2 protein chains.
Amino acid sequence: LRAGDIERLSALMEPLHSADAGDVIEALEQDERLALVTLLGDAFDYSALTEVDDAVRADLIEAIPNADIARGVAELDSDDAVFILEDIEPGDREEILNQLPAFERLSLKRSLDYPEDSAGRRMQTDFIAIPPFWTVGQTIDYLRADKDLPDEFYQIYVVDPGYRLLGTLSLDKFLRSKRDIRIADIMNADPLTVPAASDQEEAARTFERYDLVEVGVVDDAVRLVGVLTIDDIVDVIQEEATEDIQRMAGVGDEEISDSVFGALKSRLVWLCVNLVTAILASLVIGLFNATIEQMVALAALMPIVASMGGNAATQTMTVTVRALAMHELDRRKVMRLISREMIVGVVNGAVFAVLIGIVTTLRYGNPGLGAVIAMAMIINMFVAGSAGVLIPLLLNRLKADPAVASGTFVTTLTDVIGFFAFLSIAGLWFDLF
Amino acid sequence: LRAGDIERLSALMEPLHSADAGDVIEALEQDERLALVTLLGDAFDYSALTEVDDAVRADLIEAIPNADIARGVAELDSDDAVFILEDIEPGDREEILNQLPAFERLSLKRSLDYPEDSAGRRMQTDFIAIPPFWTVGQTIDYLRADKDLPDEFYQIYVVDPGYRLLGTLSLDKFLRSKRDIRIADIMNADPLTVPAASDQEEAARTFERYDLVEVGVVDDAVRLVGVLTIDDIVDVIQEEATEDIQRMAGVGDEEISDSVFGALKSRLVWLCVNLVTAILASLVIGLFNATIEQMVALAALMPIVASMGGNAATQTMTVTVRALAMHELDRRKVMRLISREMIVGVVNGAVFAVLIGIVTTLRYGNPGLGAVIAMAMIINMFVAGSAGVLIPLLLNRLKADPAVASGTFVTTLTDVIGFFAFLSIAGLWFDLF
């Protein structure tokens with residue numbers, strides 16, 4: 001690369017799969033990345049850019065002249081082209097689109113008009129569409145003659161002259177049929193479809209449920225506008241899982257390659273929320289200053305009750321949030337889950353009440369203190385189980401993402417209840433008010 | 001169902017996709033499920049059982065006579081059959097296998113011999129294998145003639161007489177080629193493969209990275225023994241994501257349909273670990289009994305420092321664990337991540353030190369107390385950032401699953417450091433020892 005040896009560089013890069021080429025780009029320093037793309041020129045395969053981290057792609061795209069991007073994007077499948085174009089700022093994007101051939105420009109613009117994270121954004125607009133009256137033989141001849149087919153396809157779409165979808169035909173079924181059979185007789189006349197405006201997560205659910213490899217995307221008038229393939233959906237599934245995991249922990253849409261500033265931005269909000277709720281818990285403790293002053297052992301013991309409640313609540317909440325994300329809960333399962341978690345809370349409470357009661361009695365030689373912490377533990381573990389299942393379900397009912405806020409809400413509640421139950425029972429028991 | 005109207009029942013169930021049939025089964029009461037399967041008899045499609053929760057399947061399989069299961073399983077694709085058989089206890093499994101035709105029995109046994117969660121367990125053993133010297137035309141004729149083809153396939157495998165894999169051919173490329181072309185000339189002669197003994201998670205990573213739909217599974221002698229298709233891999237990806245999420249929260253391999261007892265079992269271990277660590281934190285506080293007695297406000301403030309550290313550590317840990325699970329970290333990125341998280345820790349520490357310092361000063365009218373809590377906050381947030389990234393990386397280096405134990409380790413550390421830093425600085429500042 002340093003020697004500027006274009007021949008050798010393209011010989012090295014050419015045979016690489018785009019995922020590997022992406023890794024090469026990521027391993028380079030920022031200025032080397034630009035040098036690589038500039039040196040390779042038209043020999044650079046822009047699909048490698050779909051395989052690098054968002055931050056790396058954004059920097060590189062920013063640095064490459066728009067005319068080069070336009071030439072590179074024109075070579076790509078439409079879904080890869082949209083993936084690269086959607087993060088470019090509108091002004092530059094217009095300029096790039098205007099340098100593309102009319103047909104590509106229109107189809108990319110149409111995809112970009114669909115909302116972010118919709119099936120329409122992710123879809124591939126090249127697909128094989130044939131009329132129902134063709135025979136298997138005619139279709140094979142057409143496929144053999146046409147050079148402008150999509151890179152990879154797993155289904156053939158049967159449409160009327162207005163591109164309304166009449167049926168689909170999988171390649172394996174097609175291959176097993178004799179040349180003189182009419183397409184209309186072997187196609188699946190009632191195919192699953194995905195509306196272009198629907199969320200990519202909904203589309204992923206359909207793929208998963210029905211073990212699909214490719215599905216047609218239709219517009220409001222049930223016209224076929226594109227296809228979604230499983231490789232895009234696998235990425236969606238991973239993204240959604242990452243999102244769920246990170247949201248539960250109070251981290252936003254952050255990536256490993258984000259800068260310090262990016263990481264700070266995605267985390268400060270929830271740390272602020274946590275500060276407020278921690279101060280709230282502290283105010284609750286403040287109510288019992290007089291109690292603690294008379295029996296300082298309470299200060300050392302109270303975090304145990306709160307911490308156990310927080311952990312138990314997180315367990316219940318995680319199971320609930322994940323089940324909601326996977327659409328595993330119908331009405332009946334919800335009722336079953338709620339009652340199960342409440343029982344688990346009580347049983348956990350009883351088990352750990354006995355344990356901590358014994359430990360406390362032994363350590364402080366005070367059976368009364370053991371009884372107090374045991375009672376507080378039962379109460380807090382039951383609250384933890386109930387809140388851990390009810391709060392995510394409530395947020396989901398209110399159309400909020402249960403993963404986003406459940407963590408902070410639930411642990412605040414178990415902190416406050418834990419401190420309050422323990423200190424107030426202690427105050428009453430030992431007559432410290 | 002109650003009326004025992006077999007005709008109507010099979011008319012209702014027959015057109016259902018196995019995912020929908022699975023939902024019907026789950027919606028029934030336990031005794032109704034058995035009644036449904038018994039009534040339908042040979043008309044019951046056992047693939048529905050691959051779509052229900054583990055607990056539901058186990059109960060139902062237990063109740064159905066082995067001979068019926070054998071008949072049902074014989075109809076299935078080999079991967080579905082293995083999925084059902086692998087959870088049956090060895091004695092019953094032997095009995096069922098012995099009732100199957102010899103060829104199926106051998107291929108199922110071979111799959112079951114591979115370790116749990118391996119590619120060999122998940123693979124489908126029906127596939128299209130042809131010799132390299134055939135032409136496209138010969139192959140099409142073979143596909144049209146053979147009635148015993150797999151249900152769905154996306155690739156044709158080219159093998160030598162010993163079943164060693166020579167190449168693969170995707171159906172779309174195959175379709176575009178003329179009848180007289182030799183398979184050897186158009187096949188991909190250097191196909192990706194997955195070793196049968198490799199973990200399903202590794203296989204999933206290969207699918208994702210190279211956007212595959214189907215891949216050949218080879219044994220130690222590089223003989224083709226089966227194929228993995230993307231629909232199985234999508235399930236693997238979801239399972240692995242659920243596992244990661246649940247492990248971070250200290251929940252085992254639990255499902256929504258598990259009983260109270262199952263849920264308790266999967267959670268008690270980590271609650272016990274948390275009890276021990278909470279007692280440890282309590283002992284640290286106990287060291288400062290005299291300090292707290294002289295200034296009871298410390299008891300109310302100390303959980304704030306601990307809680308903020310716990311939250312920040314969880315954020316960092318979640319990002320790290322997820323990146324490890326997705327294999328996103330090479331040596332260079334690890335160094336970058338560690339330094340980023342330490343800087344984020346310091347900056348977060350500074351921001352929240354100022355905030356909590358001001359709040360504390362105002363509330364207690366004591367600037368010294370504000371300064372003390374601010375210092376403790378900076379220390380604990382830095383520890384949180386460092387531990388949040390270093391502990392998962394260390395566990396990963398030690399070949400332990402970073403998701404399993406990180407949560408408890410990391411928050412224990414921030415609790416202990418938070419309490420210790422705050423109380424010891426306060427003791428020194430106000431001369432309370």
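In the block above lies the structure referred to throughout.
The text that follows walks through the structure, step by step, so that each part is easy to find.

Quick notes on the rules
Residues numbered from 1 in each chain as written. Chains lettered and ligands numbered in written order. Predicted model: local features only at pLDDT ≥ 70, side-chain atom pairs only at ≥ 80, totals over all residues. Heavy atoms only, no water. Salt bridge = Lys/Arg side-chain N within 4 Å of Asp/Glu carboxyl O. Buried < 20%, exposed > 50% of the residue type's maximum accessible area, 1.4 Å probe, protein only. Least-squares fit on C-alpha atoms with pLDDT ≥ 70 in both. Contact = heavy atoms within 4.5 Å. Helix = DSSP H or I, 4+ residues; strand = E, 2+ residues; numbered from the N terminus. Polar contact = N/O pair within 3.5 Å; in protein donor to acceptor, adjacent residues only side chain to side chain. Core = buried A, V, L, I, M, F, W, Y, C linked by side-chain atoms within 4.5 Å. Phe/Tyr/Trp six-rings, centres within 6.5 Å; stacked < 30°, edge-to-face > 60°. Arc of directions from axis to C-beta. Pairing = 2+ DSSP bridges.

## Section: the pattern of salt bridges
Okay, step 1: Applying the stated criterion across every chain, the model contains 34 salt bridges over all chains.
Okay, step 2: In this structure, Asp-160 of chain A engages Arg-164 of chain A in a salt bridge whose closest nitrogen and oxygen atoms are separated by 3.4 Å.
Okay, step 3: Residue classification places Asp-160 of chain A among the buried positions, given a relative accessible area of 18%.
Okay, step 4: Judged by its relative accessible area of 42%, Arg-164 of chain A is partly exposed.
Okay, step 5: Measuring nitrogen to oxygen at the nearest pair gives 3.3 Å for the salt bridge that ties Glu-208 of chain B to Arg-205 of chain B.

## Let's talk about the relation of the copies chain B and chain A
Okay, step 1: Of the two same-sequence chains, chain B is brought onto chain A (RMSD 0.1 Å, axial shift 0.0 Å) by a rotation of 180 degrees. What we have between these two chains is a two-fold relation.
Okay, step 2: Of the interface residues in chain B, 100% have counterparts in chain A that sit at the interface too, so the contact is made through matching surfaces.

## Concerning the side chain of Ser-177 of chain B
Okay, step 1: Counting through the fold element by element, Ser-177 of chain B comes out in the loop between helix H11 (171-175) and helix H12 (183-186).
Okay, step 2: Take Ser-177 of chain B: its relative accessible area is 7%, and that puts it in the buried class.
Okay, step 3: Looking at Ser-177 of chain B, its side chain comes within polar contact range of the main-chain oxygen of Lys-173 of chain B, at 2.9 Å.
Okay, step 4: When residues no more than four places from it in sequence are discounted, the contact partners of Ser-177 of chain B are Arg-144 of chain A together with Val-136 and Ile-186 of chain B.

## A look at the nonpolar core
Okay, step 1: Counting residues in each nonpolar core, the largest one holds 99 residues, and the members touching the most others are Phe-422 of chain A together with Phe-422 of chain B.
Okay, step 2: Setting aside chain neighbours within four positions, we find Phe-422 of chain B in contact with Leu-298, Leu-301, Met-302, Val-305, Val-372, Ile-373 and Ala-376 of chain B.

## So, the packing of aromatic side chains
All names here are of chain A.
Okay, step 1: The tally for this structure, following the rule as stated, stands at eleven aromatic pairs over all chains.
Okay, step 2: Aromatic side chains Phe-288 and Phe-420 sit 5.7 Å apart centroid to centroid with 70 degrees between the ring planes, which places their arrangement in the edge-to-face category. Within this pair, whereas Phe-288 is found in the loop between helix H15 (260-286) and helix H16 (289-294), its partner Phe-420 is found in helix H20 (residues 402-429), the two being separated by 132 residues in sequence.
Okay, step 3: When its relative accessible area of 5% is taken as the criterion, Phe-288 is described as buried.
Okay, step 4: One aromatic cluster is present, formed by Phe-127, Tyr-157 and Tyr-163 through successive ring pairs.

## Digging into helix H10 (residues 136-145) of chain B
Okay, step 1: Where H10 of chain B is concerned, the buried positions are Val-136, Gly-137, Thr-139, Ile-140, Leu-143 and Arg-144 of chain B. Around the axis of H10 of chain B, the buried residues are gathered within 160 degrees of arc, so they sit on the same side.
Okay, step 2: Packed against the buried residues of H10 of chain B are helix H10 (136-145) and helix H11 (171-175) of chain A together with strand E1 (129-130), strand E2 (155-159), H11 and H12 of chain B.

## Comments concerning helix H6 (residues 78-85) of chain A
Residues and elements named next belong to chain A.
Okay, step 1: The buried count for H6 comes to six of eight residues, which makes it a mostly enclosed element.
Okay, step 2: Those residues of H6 that fall on the buried side of the exposure criterion are Ser-78, Asp-79, Ala-81, Val-82, Ile-84 and Leu-85.
Okay, step 3: Tucked into the core, H6 has its buried residues touching helix H4 (54-63), helix H5 (66-74), helix H7 (90-98), helix H8 (102-113), helix H9 (119-122) and helix H14 (230-248).

## Quick notes on the pairing of strand E6 (residues 224-229) of chain B
Okay, step 1: Counting buried positions along E6 of chain B yields six of six residues, so the element is predominantly enclosed.
Okay, step 2: Counting the residues between successive antiparallel strands, the hairpin from strand E5 (residues 214-218) of chain B to E6 of chain B contains five residues, one of them, Val-222 of chain B, with a positive phi of roughly 60 degrees.

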